[in-house]
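# Remarks on the overall topology
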Amino acid sequence: MNFDRIKEKLNILADAAKYDVSCSSSGSKRQNKGKGLGDSSGMGICHSYTEDGRCVSLLKILLTNHCIFDCAYCVTRKSNDIQRAAFKVQEVVDLTINFYRRNYIEGLFLSSGIFKSPDTTMERLVQVAKKLRLEENFNGYIHLKSIPGASDELMHEAGLYADRLSVNIEIPTREGLKLLAPDKDRKDFLQPMKKVKDEIIRHKSEKKIIKSTPKFAPAGQSTQMIVGATNETDAQVMYTAAYFYKKYQMKRVYYSGYIPVSYDPRLPSIGTDVPLLRENRLYQADWLMRFYGFSIEELLNKEHPNLDSDVDPKLSWALRNLHLFPVDVNKADKQMLARIPGLGMKSVYKILGARKYRNLNWEHLKKIGVALNRAKYFMVCNSKDWEKKDLSAMNIKSLILQNSSSKFRNTYNNQLNLFDKQDALIQY
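Residues numbered from 1 in each chain as written. Predicted model: local features only at pLDDT ≥ 70, side-chain atom pairs only at ≥ 80, totals over all residues. Heavy atoms only, no water.

### Overview of the overall build of the chain
We count it as follows: Numbering of helices and strands starts at the N terminus; helices are DSSP runs of H or I of at least 4 residues and strands are runs of E of at least 2. Note on classification: 1.4 Å probe, protein chains only; a residue is buried when its accessible area is under 20% of the maximum for its type, exposed when over 50%, partly exposed between these limits. Only heavy atoms enter the contact rule, under which two residues are in contact if any of them lie within 4.5 Å. For the accessible areas, the method is Shrake-Rupley and the probe is 1.4 Å, while residue cover comes only from the protein chains on display.
When helices and strands are tallied, the chain shows 16 helices and 10 strands. Looking at the chain residue by residue over its 428 residues, the buried ones come to 52%. Sequence-distant contacts, at least 24 apart, represent 64% of the contacts inside the chain between residues at least 6 apart. Entry remark: accessible area of the chain is about 21,400 Å², with carbon and sulfur atoms responsible for 50%.

Right, here's the structure in full:
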């Protein structure tokens, strides 16, 4: 083995893989019952955290950065003048096992540029997973990227050896994909998604009857959308995400702020800031829809097609719906408690449990862990004090921003200064 060449490939293909952010804790329970290597039970992937707080890591690489497509937004597009490399199947297997034995990683995240054809590429990815499982008896976490256009037979085989499968939808709308990747067809992304969903359902159903039925992608499937490469609104992005959650039972939809990688009039120019704040707001809206009972129409509509940059989506919704507040935390149901800014679901459940034994006041709420710096404007409790009084939405927003900190604060400092001036005029 030429170690210098392997190291060179690793540098190239690990760097190229950084643009794929569709990674999270696995949710898989592949247990090691014998003398095999690894155990994905409770494990996750690169720089993620398990339920018990452990940080876990993943070898995250491309099989190759050669690609037959010329997508404008992709650094590995065929027209880009970059250094190319490709791993052999056995090289990826050896790297994974050697890194695992040195306790560098808990598993493998393997993606690839598309070379020759989708089936040829997908076949190589499956070979890596198959060798790890059958020849090396590796029970660690494996996440394989599904190749758009790959056959159903290959997708079925991939699901038997991988814990999670994912195919990136890349651009949120058909129009955006046609503009930036005219060689690609959206249906080629949807075909493997449907196959994986159907196989997961079938295997779960069969396992109830036949216990020996093998696992199929036990950690489900995910996808990723690039944000900021085209002019889609946040509403369009979130409607696309909701469609994939419902239609294909996605475990996660990831949002990746576009990093300018080419000089192309269709794209933001190189040097343009990556829309990290927008990416963050989309994740917050996604969380509200999946766990807090919000609908897209409540967060985004014709009047508000984009999420606010200076406040999170829940606070933004609350400020637009002050007629629903204040909420009495000693009487409100779970759904309404979850809509109070500053209350996470853990705090909601603590409130529901604690109020069975006493009427809660501000001190109790503080001990529970409620973020009172924002929640106090939207709730009442067993106390005569009520912070909202007759403040307007703009006043509340200004007060909250003045007393909060964020890594994105510089992004909206100008707007905060505007609020300060308005407050001075009001006080005067």
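### Focus on the nonpolar core
Rules: Residues enter a nonpolar core if they are buried and are Ala, Val, Leu, Ile, Met, Phe, Trp, Tyr or Cys, with the set joined through side-chain atoms within 4.5 Å.
If you look at the biggest cluster of nonpolar residues, it comprises 122 residues, and the most contacted ones within it are Leu-337, Ile-340, Leu-365 and Phe-378. No other element matches the seven residues that helix α7 (residues 234–248) contributes to this core. Not counting residues within four places of it along the chain, the set of residues in contact with Leu-365 comprises Val-329, Ile-351, Leu-360, Val-370, Leu-372, Met-379 and Cys-381.

### Considerations on the sheet that holds strand β8 (residues 252–257)
Defined as follows: Any two strands with at least two DSSP-identified bridges between them are counted as paired. Axis lines are fitted through C-alpha atoms, for helices just across the contact stretch, and the angle between N-to-C directions can take any value from 0 to 180 degrees.
Strand order across the open sheet formed by six strands is β3-β4-β5-β6-β7-β8, with parallel pairing between neighbours. Strands with a single pairing partner mark the edges of an open sheet, and in this sheet they are β3 (59–62) and β8. Here the average twist between neighbouring strands, direction ignored, is 20°. Note that strand β4 (residues 107–111) and strand β5 (residues 141–145) share four bridges and pair parallel.

### Here we look at helix α10 (residues 313–320)
Applied cut-off: The term polar contact refers here to a pair of N or O atoms within 3.5 Å; inside protein, the definition further demands a hydrogen-donor-capable atom paired with an acceptor-capable atom, and it admits residues adjacent in sequence only when both atoms are side-chain atoms.
Counting buried positions over the eight residues of α10 gives seven, a clear majority of the element. Within α10 the residues assigned to the buried category are Pro-313, Lys-314, Leu-315, Ser-316, Trp-317, Ala-318 and Leu-319. On its buried face, α10 sits against α8 (276–291), α9 (296–299), α11 (334–337), α14 (372–375) and α15 (393–402). Where α10 starts, the residue carrying a side-chain oxygen 3.1 Å from the main-chain nitrogen of Lys-314 turns out to be Asp-312.

### Digging into the packing of helix α3 (residues 118–135) against helix α4 (residues 152–161)
Cut-off, in case you're wondering: For classification purposes, an angle smaller than 35 degrees is called roughly parallel, one larger than 145 roughly antiparallel, one from 65 to 115 roughly perpendicular, and anything else oblique. What makes a crossing left-handed is the near helix being turned counterclockwise from the far one by less than a right angle; a clockwise turn instead makes it right-handed. Gly counts as polar in this scheme, as do all residues outside two lists: the nonpolar Ala, Val, Leu, Ile, Met, Phe, Trp, Tyr, Cys and Pro, and the charged Asp, Glu, Lys and Arg.
Orientation of α3 relative to α4, taken along the N-to-C sense of each, is 25°, at an axis distance of 9 Å. Judged by the inter-axis angle, α3 sits roughly parallel to α4. Relative to α4, α3 is oriented so that their crossing is left-handed. Within the contact between the two elements, α3 uses Asp-119, Met-122, Glu-123, Val-126, Ala-129, Lys-130, Arg-133 and Leu-134 and α4 uses Leu-154, Met-155, Glu-157, Ala-158 and Tyr-161. Here the contact of α3 with α4 is built from residues that sort into eight nonpolar, no polar and five charged.

### Observations concerning the packing of helix α2 (residues 89–101) against α3
Each packed pair of helices is defined by two parameters, the angle between the axes and the distance between the axes. It is at 9 Å that the axes of α2 and α3 come closest, and there the two elements cross at 40°. Looking at the two axes, α2 sits oblique to α3. Pair α2 / α3 crosses with right-handed handedness. In this structure, α2 contributes Val-89, Gln-90, Val-92, Val-93, Thr-96 and Ile-97 to the contact, and α3 contributes Arg-124, Gln-127, Val-128, Lys-131 and Leu-132. Residues belonging to the contact of α2 with α3 are distributed by class as follows: six nonpolar, three polar and two charged.

### Notes on the pattern of salt bridges
For clarity, the cut-off: Only one rule defines a salt bridge in this text: a Lys or Arg side-chain nitrogen within 4 Å of an Asp or Glu carboxyl oxygen.
Summed over all chains, the structure comprises 19 salt bridges. Among the ionic pairs, Glu-157 bridges to Lys-130, the shortest N-O distance being 3.2 Å. In this pair, Glu-157 sits in helix α4 while Lys-130 sits in helix α3, placing the two residues 27 residues apart along the sequence. Glu-157 gets classed as partly exposed once you look at its relative accessible area, which sits at 25%. Owing to a relative accessible area of 32%, Lys-130 belongs among the partly exposed residues under this scheme. Note that Arg-266 and Asp-264 form a salt bridge whose closest N and O atoms lie 2.7 Å from each other.

### Brief notes about the state of the cysteines
What counts here: In this description, a disulfide is simply a cysteine sulfur pair whose atoms lie within 2.5 Å.
Counting across every chain of the model gives zero disulfides. For the unlinked cysteine Cys-71, the closest cysteine sulfur is that of Cys-74, found at 6.1 Å. Under the relative-accessibility criterion, Cys-71 is labelled buried at 4%.

### Some points on the pairing of β5
Working note: regular strand, side chains alternate between the two faces of the sheet. This is how it is decided: When the strands point away from the viewer and the connection leading from the first strand across the helix to the second strand turns clockwise, the crossover is called right-handed.
Within β5, five of the five residues are buried, which leaves it mostly tucked inside the rest of the structure. With burial as the criterion, each face of β5 is covered, one bearing Tyr-141, His-143 and Lys-145 and the other bearing Ile-142 and Leu-144. Each parallel crossover has a hand, and the one from β4 via α3 to β5 is right-handed. Running through α4, the crossover from β5 to the neighbouring parallel element strand β6 (residues 164–166) is right-handed.

### Things to note about a negative patch on the surface
Stated formally: For patch detection, residues must exceed 30% relative accessible area and be free of salt bridges, and they are connected within 9 Å for like charges or within 5 Å for nonpolar side chains (Val, Leu, Ile, Met, Phe, Trp, Tyr). Counting rule for charge: Lys and Arg are taken as positive, Asp and Glu as negative, and neither His nor the chain ends is counted. Throughout, a charge is located at the NZ atom of Lys, the CZ atom of Arg, the CG atom of Asp or the CD atom of Glu.
A surface patch of like charges, here negative, comprises Asp-119, Glu-123, Asp-152 and Glu-153. Elements that contribute at least two residues to the negative patch include exactly α3 and α4. As for its position among the elements, Asp-152 is in helix α4.

### As for the packing of aromatic side chains
Selection rule: Aromatic rings from Phe, Tyr and Trp, with only the six-membered ring used for Trp, were paired whenever their centres fell within 6.5 Å, and each pair was classed as stacked if the ring planes differed by under 30 degrees, edge-to-face if by over 60, and tilted otherwise. Either the NZ atom of lysine or the CZ atom of arginine qualifies as a charge over a ring when it sits within 6 Å of the ring centre and within 35 degrees of the ring normal.
Counted by the stated rule, this structure contains 10 aromatic pairs. When the ring of Phe-325 is compared with that of Phe-378, the centres are 5.2 Å apart and the planes differ by 75°; the resulting orientation is edge-to-face. Here Phe-325, found in the loop between α10 and β9 (327–328), pairs with Phe-378, found in the loop between α14 and β10 (379–380); they are 53 residues apart in sequence, far enough to count as distant. Phe-378 gets classed as buried once you look at its relative accessible area, which sits at 0%. Among the aromatic residues, those joined into a cluster by ring pairs are Phe-294, Trp-317, Phe-325 and Phe-378. Taking NZ or CZ as reference, Arg-252 lies 4.7 Å from the ring centre of Tyr-254, over its face. The ring of Trp-317 has Arg-339 sitting right over it, with the charged end atom 5.1 Å from the ring centre.

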